[in-house]
Amino acid sequence: SIGAIPLLCFFISKGIGIIPMIWINYVISMGLVIFAWFNHYFILDVETKTKVKVTSRILQNLPKDGIISAGIIAYYVAYNAHKRVVILTETPDPDQAIKETDLAIDKFDLHYVVTSRTMDDYYNNSPALAYIKSFKLIRTIDEDKDIYSIYEIGGKNEVDKSKI
């Protein structure tokens with residue numbers, strides 16, 4: 001339809017009576033086909049393909065709001081679970097990482113943590129991830145060729161920080 005627009009403008013400038021009706025039908029039908037191609041999820045009501053669907057559904061059904069998520073999966077969790085999501089800190093200093101994590105938990109009223117085995121490898125020996133794993137594990141989900149873990153924080157921390 002983009003290629004037909006200059007031709008259509010030319011014919012309109014010369015007079016609308018010159019344009020063969022088949023060309024008008026062609027331009028309209030091609031425009032509809034291109035619109036349908038780029039908006040097929042909307043038109044056909046096809047579900048978009050995203051990761052972490054089962055994990056997000058479980059998080060969505062949990063009673064409290066506020067999630068800390070490790071790395072890139074935070075975007076998928078926020079999109080699918082429709083809850084507040086904060087990304088886990090990547091600070092290498094153990095004291096600073098625990099302080100930042102506690103601050104995020106208290107300030108944003110967070111209650112759950114989602115990690116994955118892939119993110120565990122990415123955050124290799126991260127003090128924030130080690131601190132998060134000291135909380136209560138609620139569920140482990142095998143999904144998307146990865147294993148996701150959901151931990152419950154419970155608002156305020158009841159974790160012994162000296163063991164981390």
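Just above sits the structure.
This section reports on the structure supplied with the text. Bear in mind that the values here come from a model prediction, so they are computed numbers and not experimental data.

Some details on the environment of Ala-74
Alright, step 1. With respect to the element layout, Ala-74 can be found in helix α5 (residues 73-81).
Alright, step 2. In contact with Ala-74, not counting residues within four places along its chain, are Ser-69, Val-85 and Ile-87.

Quick word on helix α4 (residues 53-61)
Alright, step 1. Within α4 the residues assigned to the buried category are Thr-55, Ser-56, Ile-58 and Leu-59. Taken around the axis of α4, the buried residues stretch over an arc of 160°, which confines them to a single face.
Alright, step 2. Turning to α4, the residues buried within the fold contact β1 (67-69), α5, β3 (112-116), β4 (136-143) and β5 (146-152).

Notes on the environment of Ala-70
Alright, step 1. For Ala-70, the location among the structural elements is in the loop between β1 and α5.
Alright, step 2. Under the relative-accessibility criterion, Ala-70 is labelled buried at 1%.
Alright, step 3. When the C-alpha atoms of Ala-70 and Thr-115 are compared, they prove to be 5.4 Å apart, with 45 residues separating the residues in sequence.
Alright, step 4. Those residues in contact with Ala-70 that sit more than four places away from it in its chain are Leu-88, Val-114, Thr-115, Met-119 and Tyr-123.

Examining the packing of α4 against α5
Alright, step 1. At their nearest, the axes of α4 and α5 sit 9 Å apart, and the two run at 55° to each other. Taken together, the axes of α4 and α5 are oblique relative to one another. As for the relative orientation of α4 and α5, their crossing is right-handed in sense. Note on element contacts: α5 touches α4 through Tyr-76, Val-77, Asn-80 and Ala-81, opposite Lys-53, Ser-56, Leu-59 and Gln-60.
Alright, step 2. Residues belonging to the contact of α4 with α5 are distributed by class as follows: four nonpolar, three polar and one charged.

Conventions adopted
Residues numbered from 1 in each chain as written. Predicted model: local features only at pLDDT ≥ 70, side-chain atom pairs only at ≥ 80, totals over all residues. Heavy atoms only, no water. Helix = DSSP H or I, 4+ residues; strand = E, 2+ residues; numbered from the N terminus. Contact = heavy atoms within 4.5 Å. Buried < 20%, exposed > 50% of the residue type's maximum accessible area, 1.4 Å probe, protein only. Arc of directions from axis to C-beta. Axes fitted to C-alpha atoms, helices over the stretch in contact; angles between N-to-C directions. Parallel < 35°, antiparallel > 145°, perpendicular 65-115°, else oblique. Left-handed = near helix turned anticlockwise from the far one by under 90°. Nonpolar A, V, L, I, M, F, W, Y, C, P; charged D, E, K, R; others polar.

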